[in-house]
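Here's the letter readout for the chains.
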Amino acid sequence: GAVVSQHPSRVICKSGTSVKIECRSLDFQATTMFWYRQFPKQSLMLMATSNEGSKATYEQGVEKDKFLINHASLTLSTLTVTSAHPEDSSFYICSASDSYNEQFFGPGTRLTVL
Amino acid sequence: DAKTTQPTSMDCAEGRAANLPCNHSTISGNEYVYWYRQIHSQGPQYIIHGLKNNETNEMASLIITEDRKSSTLILPHATLRDTAVYYCIVSRPPGNTPLVFGKGTRLSVIA
């Protein structure tokens, strides 16, 4: 199947700093990517839909000014957690769909805010 | 998207078939049944999907009832590496549609 990568896989930062997470589709082009987060012992929760060349669509309750999404190319979407706080600590996962309408997920990024 | 109901957890002996049920009684005619699994601290892994016919691939088989209100994922010979949370999701083809995850079934394969 298609491969989606994320970078970094793990990041620890101080409270108040910003963290950028990259999501790349390695062997296919994805006009749409999705961002999820997962708290311990919980399921994945959709945060936003990232569309290449246009503004992201955020789910209710997700602050667009705090979680900045940029989808500048057909193979790269970035999620920036601005002014991170300990409650933003979570497992962030992206996904992308290929031309066969199968959705593939990245390996996830574990963010820890001290 | 239609909701699904799965058992919270299941155990399976190594080498035996694991049968994971899913109820999706409100599924619409154009919605597929997708199965993903998530091994601890990893991203979800695609397993299989189907519309109304039974499907089989190298990982698993998917059995969908004739009325499409329920389905069963079958791992024919479970191994310890199959221990994971298995998610049953009903959705239109997810080209531009996000997959909505429920709580899934935690499968424990026991030696």
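Residues numbered from 1 in each chain as written. Chains lettered and ligands numbered in written order. Predicted model: local features only at pLDDT ≥ 70, side-chain atom pairs only at ≥ 80, totals over all residues. Heavy atoms only, no water.

Caption draft 1: Representation of the pairing of strand β9 (residues 90-97) of chain A in the model. All names here are of chain A. Burial runs high along β9: 8 of the 8 residues are buried. Of the two faces of β9, both are covered, the one formed by Ser90, Tyr92, Cys94 and Ala96 as well as the one formed by Phe91, Ile93, Ser95 and Ser97. As paired strands, strand β4 (residues 32-38) and β9 are joined by 6 bridges and run antiparallel to one another. The residue bridging Arg37 from the neighbouring strand is Tyr92, located in β9. Here β9 pairs with strand β11 (residues 109-113) via 3 bridges, running antiparallel. Counted as the bridge partner of Tyr92 is Thr109 from β11. In terms of strand pairing, β9 meets strand β10 (residues 103-105) through 3 bridges, oriented antiparallel. Among the inter-strand pairings, Ala96 is bridged to a residue of β10, identified as Phe104. (Buried < 20%, exposed > 50% of the residue type's maximum accessible area, 1.4 Å probe, protein only. Helix = DSSP H or I, 4+ residues; strand = E, 2+ residues; numbered from the N terminus. Pairing = 2+ DSSP bridges.)

Caption draft 2: Region of the structure containing the environment of A:Ser97. All names here are of chain A. Tracing the sequence through the fold places Ser97 in strand β9. With 12 residues separating them in the primary sequence, Ser97 and His85 have C-alpha atoms 31 Å apart. In this structure the side chain of Ser97 is engaged in a polar contact, spanning 3.5 Å, whose partner is the side chain of Gln103. (Polar contact = N/O pair within 3.5 Å; in protein donor to acceptor, adjacent residues only side chain to side chain.)

Caption draft 3: Quick peek at the sheet that holds strand β9 (residues 105-110) of chain B. All names here are of chain B. Strand order in this open sheet of 5 strands is β1-β9-β8-β3-β4, and the pairing throughout is mixed. Only two strands of the sheet have a single partner each, and these edge strands are β1 (9-13) and β4 (45-50). Across the sheet, the axes of successive neighbouring strands diverge by a mean angle of 25°, strand direction being ignored. The pairing of strand β3 (residues 32-38) with strand β8 (residues 84-91) spans 7 bridges and is antiparallel. Opposite Val33, over in β8, you have Val90 as the bridge partner. (Axes fitted to C-alpha atoms, helices over the stretch in contact; angles between N-to-C directions.)

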